[in-house]
Amino acid sequence: MYGFFAYLDRMKYINRWALMRSTERENIMEHSAQVAIIAHALAVIGNVYYGKNYDENKVATLALFHETSEVITGDLPTPVKYYNPAIRDAYKAVEEVANDKLLGMLPDEMKGVYGKLIKCDKTCEESKLVKHADRIAAYVKCLTELKVSNGEFKKAKNAIEKELHALDSEEVKYFLDNFIKPYTLTLDELE
């Protein structure tokens, strides 16, 4: 019996913002879907407007699996995760063990396929887009919370905004210039 997919289904129960008071709960599964949509958009932007040759489907699929280790580890908030190199490196090692455990739940014939997604090459261009999309999703979360007067996210919003604007990414700049403002609008205002 292989429990890989049932285990991943638990992503919907892991709260992404456990240490911050949040008006809207977000789980890993919802977060991963949002990151996949944004990452796919970044790939399309790169291909359409900047002559890049991203594999849009690969980007979206990598994004869907980018947080799988958190099914086992839970989410460690960014300020804690990156507080110092020792914590960062220890958490990366824990993530690696968690990913190995998940992959061990698959039949041998499928491990290679999912291994390429879960333990992907973080230096490939598609992985970089997923990382950027993950930061954009965190920024969107901050905007959403601030829209309903949750000041808990103000410092995070400012830090992430600064980080995003410092990236050397035409795709991120285009996304921020053209697609972020609607995230702050109501449904009626979108019309």
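Summary of the structure given here. (Residues numbered from 1 in each chain as written. Predicted model: local features only at pLDDT ≥ 70, side-chain atom pairs only at ≥ 80, totals over all residues. Heavy atoms only, no water.)

**Looking at the overall build of the protein**
Piece 1. A tally of regular secondary structure across the protein gives 11 helices and 0 strands.
Piece 2. Secondary structure elements of the protein occur, N-terminal to C-terminal, as α-α-α-α-α-α-α-α-α-α-α.
Piece 3. Counting only C-alpha atoms and orienting by the principal axes, one finds that the protein spans roughly 50 × 40 × 35 Å.
Piece 4. Across the 191 residues that make up the protein, the buried fraction comes to 40%.
Piece 5. Residue pairs at least 24 apart in sequence account for 67% of intrachain contacts in the protein once pairs closer than 6 positions are excluded.
Piece 6. A gap of 5 Å separates the mean positions of the 26 positive and 30 negative side-chain charges of the protein. (Helix = DSSP H or I, 4+ residues; strand = E, 2+ residues; numbered from the N terminus. Buried < 20%, exposed > 50% of the residue type's maximum accessible area, 1.4 Å probe, protein only. Contact = heavy atoms within 4.5 Å. Lys, Arg positive; Asp, Glu negative; His and termini not counted. Charge placed at Lys NZ, Arg CZ, Asp CG, Glu CD.)

**Section: the packing of aromatic side chains**
Piece 1. Taken as a whole, this structure holds 4 aromatic pairs when the rule is applied.
Piece 2. On the basis of an interplanar angle of 25° and a centroid distance of 4.6 Å, the ring pair of Tyr49 and Tyr174 is categorised as stacked. With a gap of 125 residues between them, Tyr49 in helix α2 (residues 28-50) and Tyr174 in helix α10 (residues 170-179) connect regions that are remote in the sequence.
Piece 3. Ring-pair connections join several aromatic residues into one group, and the members of that group are Tyr49, Tyr174, Phe175 and Phe179. (Phe/Tyr/Trp six-rings, centres within 6.5 Å; stacked < 30°, edge-to-face > 60°.)

**Focus on the nonpolar core**
Piece 1. In terms of nonpolar packing, the biggest core is built from 41 residues, with Phe4, Leu42, Tyr114, Ile136 and Ile180 touching the most fellow members.
Piece 2. Taken together, the elements giving at least two residues each to this core come down to α1 (4-9), α2, α3 (56-64), α6 (85-103), α7 (108-118), α8 (125-147), α9 (154-166) and α10.
Piece 3. The element best represented in this core is α8, accounting for 10 residues.
Piece 4. In contact with Leu42, not counting residues within four places along its chain, are Tyr54, Leu129, His132, Ala133, Ile136, Glu171, Val172 and Phe175. (Core = buried A, V, L, I, M, F, W, Y, C linked by side-chain atoms within 4.5 Å.)

**Points about the environment of Lys116**
Piece 1. Among the secondary structure elements, Lys116 is positioned in helix α7.
Piece 2. Separated by 26 residues in sequence, Lys116 and Ala90 have C-alpha atoms that sit 22 Å apart.

Any functional reading would require information beyond the geometric quantities listed.
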